[in-house]
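# Summary of structural features
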Amino acid sequence: MYSLPKLERFEQNVASKFNIYNSIFITLPFNEINNTGVLLPLFSEICEQGFKKNQSPEEIFETFISKYLENPSENETITLMFRFIQYVERQVVLFDAIEDASFDIVNNMEGRGSLRGMKEAAEQRFKKDELINFLNEFKVRTVLTAHPTQFYPGSVLGIITDLTEAVKVNDINKIRDLLAQLGKTPFIKSVKPTPFDEAVSLIWYLENVFYPTVGEMMQYIQKNIFKKKGQLRNDIFNLGFWPGGDRDGNPFVTTEITLKVANRLRTSILKCYYLDIRKLKRKLTFSGVEELISVIENKLYRSVFYSEGTLFITKEELINDLETIKTLIIEKHQSLYLDELNLLINKIHVFGYHFATLDIRQNSRTHKEVFQDIISKNPALFSVDYNDLDEKSKIAILSEITANLNEDDFENEVTKKTLSSIRAIKTIQESNGELGCNRYIISNNENALNVMEALALFRLTNWKNPPVDIVPLFESVEDLRKADEVMELLYTNQTYKKHLESRNNEQTIMLGFSDGTKDGGYLMANWGIYKAKTAISAMSRKYNVKVVFFDGRGGPPARGGGKTHQFYASLGPEIENKQIQLTIQGQTISSNFGTLDSCRYNLENLLSAGANNKVFHHDENHLSVEEKEVMQKLSEISYQKYIDFKNHPKFVPYLENMSTLNYYAKTNIGSRPSKRKQSAQLNLDDLRAIPFVGSWSQLKQNVPGFFGVGTALKYFEENGKWEDVQNLYNNSLFFKTLLENSMMALSKSFFPLTAYMKNDPEYGPFWTIIHTEYLETKRLLLKLSGFTELMENYPDGKASIAMREKIVLPLLTIQQYALLKIKELKESPSPDEIQIAIYEKIVMRSLFGNINASRNSA
C-alpha cells in the first residue's frame, strides 16, 4: 500500500486532530473558558470577513462588539480581549504539540536527507568509501543561543512535551487534563530571566533531546555505514552554547555566571552518564563485569551529587574502564549487550565532560574601551603613544606585548569583566577539558586590529599560548566585502601565524546574517556572505589555512533561516565546507530540535547537505562567471532600493510609532536588553536584529525577508534580460533556495491587517512603498518559479503556515486595535494614563502568541 502524499498526511494527522482536540477547550469546567471558546470562533470569522472587505481592525472589533455583546462596559471589553489572547496562546500550544506528535508521520524519516538515504545513495553510486572518508572528517556544530525569541516558560514547555506524548497515542483523558492544566498555567514571566536561568532552560534540550539523539545517530553510522571498515573516531556532532558566555550587549553575564553555567554543563553530562550506567548495571550482571560497573556508578554518583567541582573519575579513566568491560564482554560473554555499551562509549567521545562548548563573545568596541583603560593605567607597557599609530603599527606592538595584568587592579567594570572572562576560560578548561570553553568570538569585527586586540588580551593576562580559537564575526556589508583582506593581514602576521599553527592551522570565521540583512537588505546580505566565503576560502587556501565558517543564523529567512539545509547543500567547491556550524536560537530550538524526531531529522539533513557537496554533487553547484554577474546586479539594485528605503525619514519613526518595537523589552523573555546602548533615542545601528525583524513580523509585513527583491527582478524584466534571471533560477540551487526562503517570508505577510495605515496622513505613503514592493516581489517570484501560489512546492509547510496564521488572526487584530487606541488616547487633550497602560499591556501580551505561532519569526 502506497503512503499518502505529504499534504494529505498533514491534513489527517495535524489539521483534523487540531479541530477535534481544540473542541475540548470548550468542555473544560472554567466559566471564563467556556464563554471565550464560544465567542472566539465568531470573532475569528468576523476578522476574516472584515479584512476581505478592507475594514480596519477598529471597525472589525467594533462590529463584533455590536453584534455579539450587549452594551458592554470598557472594562468588560478589555477583559474579553485578554481572554481571547490567553485562549489563542493555548490554541498555539495545542497546535505545536500536535505537529510535534505527528512529525515522524508527516515527514519521511528514512527518505532523502536521512542517514539511511545517504547510505543507500552511496551504495547505489558506488561511493561507499568516499562517504566513509567524508564521515571521518566532516563535522556539524549546532550552537544553542538564548536570544529572546522563546516565549514559552519552562512549565509550559513541560506541558507541551506531555501533550505531545498524549496526542501520539490519542489519550483523550490525558489530553483533557493537560489542556485543563494549560488553562491554569501562566504564560508570562513576572521578572526577566538571568543568563543562568536561560542556560538551565536550554540544558534541558541537551539532556533530553540532543544527548539521546546524537548518541543513536553515531551508533547508526558505526553499525550500518562503517560496519567492519574500522572504528568511527570522528565526533561528527559538536554542540555549542552561548547562554552565560555571550557578553555582547548583555551586562548581566558576569564571570561568576560563566563559571556557574560551565559547572552546570559538566554536572549535567555526568548525570546523563550516571543514569546510563545504572541502566547498563541492570543488564551487565556477569561475573567480573558487575563489580567494575558498580565502581563506575559509585564514582559518577559522587562526582555529580557530592562534589563541589571534585571529580572522582576522569574522562580518560571512564573510557578506559568501559573499554575494559567491552573487552570482557566480547571475550567472555558472547558480546551480550555490546551495542548498549558502545552507545555509551560513543556518547562520551562526543560530549566529553563539557557537554557543549561554552563560547565567549564580546564586541570589538568593548575591547577598544578596555585597551584605552589599560593604556591609561599602564603607560609603561607601550613605548610610544599607541593611540597616534596607524593600524599596522598598532598590530606590530600588540604582536609583541605581554604582561600579567589582574582585573582587581582596574576600577572600570568593563575592563574588570573582560580580563576576568579570560581567566574564566582557563578555569573552565581545567575542569571541563579544553572543549569546555575554547572559542573567543569578536562581534562587530571590522579589521585585523580587532582580532589582534582579542589575542593580546590573553597575552596581557600572562597566557602566552592559549588553546583558544579567536573567531572574528563579520556582519555589515562593508565588513564582509573586505573580510578576505583582513584575514590576509592576520595570516601574514608572525605572531598570529604561530597561534594558528598551535590550533592545527584551522581558523574559524563567523558570518552574521542577522545584522547583515538589517544593514544591506535580503539579497545583498546573502550574496555578500556567499562572496565573502568564496574570497576567504581562496585566501585561506593560498596560505594553507583550513578555514571553517560559522553562520550566525536566526529562525526566519531574514536572519539566515528558512530551509537551512538546502542553503548548505547549494554551496559549490569554491567555498570551504568541511564543517557546518550554525547558531540555533529561541523558537528554532523548540520547533526544529525540540523533540527526538525533529532533532534527528534536522541534524541528519544538515549532515546530508554536507555529503551532497563533498560526496554526491561536488562540482554541480558552481556558479559561472555570467551567473555571478547576474547575481551581483540583482544584489546591487536590491541593495540600493533597501538603502533608499532605510534612509527614508519615516523609517525609524514608523517602527517606533506604528509597530510593536517598543514593547519587546517589556516581555521578560530574555536577559539581554533589546538595544546595545540604552539611549533614549532609537539608533538603528544599536537596535538588535531580533526586535527589528520581530517588529516587522508582528506587523505581518516581513520587510527584511523580501524588500528589494521585486525591484531587482523588475529591472531584468523591463530591460529584456529576464532570461538571464530565469536561467540563474533554473541552474543555481543557491539562488533558488534564496528565493524560496523569500517566498516563505511573503507567505507569512498579511497586508490587509495594516491596510488602514495607507490613509494615515503621516505614514500612509511609507506603508504604500512597502506594500508596492511586496506585490511586485510576489508577482515576479511567481513568474520566475512558474507557481500559481507561494510555496507551491511545499504544500504541507504552506498548510501549516495557513493554519497558524488563522489561529492568531484574532490576536493580531486585537494587537492593532490596541495600538490604535493607544495612539488615539495619546493624541487626546487629556490622555488617560491608566487606560494607555492597559492597552499597552494588551499589545505586550499579544506578542507571545504570534511569535510562538510563527515559530521562526525573529
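Scroll up a little and you will see the structure.
The rules behind each value
Residues numbered from 1 in each chain as written. Predicted model: local features only at pLDDT ≥ 70, side-chain atom pairs only at ≥ 80, totals over all residues. Heavy atoms only, no water. Axes fitted to C-alpha atoms, helices over the stretch in contact; angles between N-to-C directions. Helix = DSSP H or I, 4+ residues; strand = E, 2+ residues; numbered from the N terminus. Parallel < 35°, antiparallel > 145°, perpendicular 65-115°, else oblique. Contact = heavy atoms within 4.5 Å. Nonpolar A, V, L, I, M, F, W, Y, C, P; charged D, E, K, R; others polar. Core = buried A, V, L, I, M, F, W, Y, C linked by side-chain atoms within 4.5 Å. Buried < 20%, exposed > 50% of the residue type's maximum accessible area, 1.4 Å probe, protein only. Pairing = 2+ DSSP bridges. Left-handed = near helix turned anticlockwise from the far one by under 90°. Salt bridge = Lys/Arg side-chain N within 4 Å of Asp/Glu carboxyl O.

## Side note on the packing of helix H32 (residues 722-731) against helix H33 (residues 733-747)
Viewed as axis vectors pointing N to C, H32 and H33 meet at an angle of 95 degrees, and their least axial separation amounts to 5 Å. The orientation of H32 relative to H33 falls into the category roughly perpendicular. The residues of H33 that touch H32, namely those facing Val725, Leu728, Tyr729 and Asn731, are Leu733, Phe735, Lys736, Leu739 and Glu740. Looking at the contact of H32 with H33, its residues break down into 6 nonpolar, 1 polar and 2 charged.

## Structural notes on the nonpolar core
Of all hydrophobic cores here, the largest spans 266 residues; its most connected members are Phe241, Tyr273, Tyr440, Leu607 and Trp696. Setting aside residues no more than four positions away along its own chain, Tyr273 makes contact with Tyr211, Leu300, Leu318, Leu344, Lys347, Ile348, Phe351, Gly352 and Tyr353.

## Some thoughts on the pairing of strand S1 (residues 139-145)
In terms of residue burial, S1 counts as a mostly covered element, since 7 of its 7 residues are buried. Alternating positions in S1 separate into two faces, Lys139, Arg141, Val143 and Thr145 on one and Val140, Thr142 and Leu144 on the other, with burial throughout. In terms of strand pairing, S1 meets strand S9 (residues 579-585) through 7 bridges, oriented parallel. Opposite Thr142, over in S9, you have Leu582 as the bridge partner. Here S1 runs beside strand S2 (residues 237-241); their pairing, made up of 5 bridges, is parallel. Across the sheet, Leu144 pairs through a bridge with Phe241, a residue of S2.

## So, the packing of helix H29 (residues 651-658) against helix H30 (residues 689-698)
Orientation of H29 relative to H30, taken along the N-to-C sense of each, is 70 degrees, at an axis distance of 11 Å. When the axes of H29 and H30 are compared, the pair comes out roughly perpendicular. With respect to the hand of their crossing, H29 and H30 are arranged in left-handed fashion. Counting all contacts with H29, which are made through Phe651, Tyr654 and Leu655, the residues of H30 involved are Phe692, Ser695 and Trp696. Broken down by class, the residue content of the contact of H29 with H30 amounts to 5 nonpolar, 1 polar and no charged.

## Description of the pattern of salt bridges
Pairing between side chains of opposite charge can happen when the charged atoms of each approach one another. On inspection of all chains with the given rule, the structure shows 40 salt bridges. A salt bridge links Glu89 to Arg90; the shortest N-O distance between them is 3.5 Å. The salt bridge involving Arg804 is made with Asp96; its shortest N-O contact spans 2.8 Å. Of this pair, Arg804 sits in helix H35 (residues 795-827) while Asp96 sits in helix H5 (residues 74-101), and the two are 708 residues apart along the sequence. Neither Arg804 nor Asp96 differs from the other in exposure class; each is buried.

## Notes on the sheet that holds strand S5 (residues 439-443)
A sheet is described by the order of its strands in space; here 9 strands give the open sequence S3-S2-S1-S9-S8-S7-S6-S5-S4, paired in parallel fashion. Across the chains shown, the open sheet's two edge strands, defined by having one partner strand only, are strand S3 (357-358) and strand S4 (360-363). Bridge analysis of strand S7 (residues 506-512) against strand S8 (residues 546-552) gives 7 bridges, and the strand direction is parallel. Residue pairing across strands places Thr508 opposite Val548, the latter belonging to S8. With respect to the sheet, helix H18 (residues 413-432) is in contact with S3, S4 and S5, its orientation differing from that of S5 by roughly 150 degrees.

## A short note on the environment of Ile26
Turning to its location among the elements, Ile26 is positioned in helix H2 (residues 24-27). Exposure remark for Ile26: the relative accessible area of 33% places this residue in the partly exposed category. Taking C-alpha positions, Ile26 is 8.2 Å from Thr36, a pair spaced 10 residues apart along the chain.

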